Amino acid sequence: MQEQHIFDHPEGMKVSKFVTVVVSQKGGDAEVECYMMSDQGQSLERDNVFGNSENRKMMQVRVPPEDDMVPSIVTKGKTVKEFEPEFFIVSLAHGQPKEGQNFNVMKIYDFPVMNRDSPATMGEFKGYMKKYKAVDSNERFACFQLLLYIAEVVDIDTAITIANNVAEEKKLDPALIELLESF
């Protein structure tokens, strides 16, 4: 069922929206557990690898007819016919981040895209630098397309240095900023 609820994540991969949430009471508080079946478990189920187990807390590989094959399940270095379902369970984080927290490394998205018919110009670069002059340097340069432009106009090593500072949330060397503003 989980495979029927797959969608394209903005990062480009296919993910399922189908999760299991268990809410239980522990003392006077609610306790929440979230999990889902792994992609590998979904694929094995889709391909009819699992059979019916007599023990509801265990999973079993189906016994194939003579003209069929099923993959082996290996646990602790040995092929097994029955195994615990925990091997295919993925625990999920749950909760809500505090308001205003931004976990994206790249913060700005308005520099012209490099692989279009009309590439970015020096005027657009200067306009970008002026527009974000008051922003801290580690956020000012947190723009993927800008980093690509810097790699093309200055050099790849400078772009990588800036990208590392952005990723580590460190301010850039003032001399480097002055160099970039001088274009």
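For the structure, check the block above.
Residues numbered from 1 in each chain as written. Predicted model: local features only at pLDDT ≥ 70, side-chain atom pairs only at ≥ 80, totals over all residues. Heavy atoms only, no water.

Considering the pairing of strand S3 (residues 20-26)
Then, number 1: Bridge analysis of S3 against strand S4 (residues 29-37) gives seven bridges, and the strand direction is antiparallel. Paired with Val22 across the bridge in S4 is Glu33.
Then, number 2: Between S3 and S4, which pair antiparallel one after the other, the connecting turn spans two residues, and Gly27 there sits at a positive phi close to 65°. (Pairing = 2+ DSSP bridges. Helix = DSSP H or I, 4+ residues; strand = E, 2+ residues; numbered from the N terminus.)

Quick word on the pairing of S4
Then, number 1: Across three bridges, S4 lies against strand S10 (residues 89-91) in antiparallel orientation. Each residue of the ladder has a partner; that of Tyr35, found in S10, is Ser91.

A word on the layout of surface pockets
Then, number 1: Roughly 150 Å³ of internal volume is contained in the second largest pocket.
Then, number 2: Contributing elements (two or more residues each) for the lining of the second largest pocket: strand S2 (14-16), S4 and helix H1 (39-46).
Then, number 3: In terms of residue count, the dominant contributor to the lining of the second largest pocket is S2 (three residues).
Then, number 4: Here the residues of the lining of the second largest pocket are counted per class, giving five nonpolar, three polar and two charged. (1 Å grid on protein atoms, 1.4 Å probe; cavity = no way out; pocket = protein on both sides within 12 Å on 5 of 7 lines; lining within 4 Å. Points joined across faces, edges and corners; volume = space filled by probe spheres on them. Nonpolar A, V, L, I, M, F, W, Y, C, P; charged D, E, K, R; others polar.)

Some details on unusual backbone geometry
Then, number 1: Its identity is not glycine, yet Lys76 carries a phi of approximately 55°, on the positive side.
Then, number 2: Owing to a relative accessible area of 83%, Lys76 belongs among the exposed residues under this scheme.
Then, number 3: Positive phi outside glycine occurs at Glu169, with the angle close to 55°.
Then, number 4: Among the structural elements, Glu169 can be located in the loop between helix H5 (156-167) and helix H6 (174-181). (Buried < 20%, exposed > 50% of the residue type's maximum accessible area, 1.4 Å probe, protein only.)

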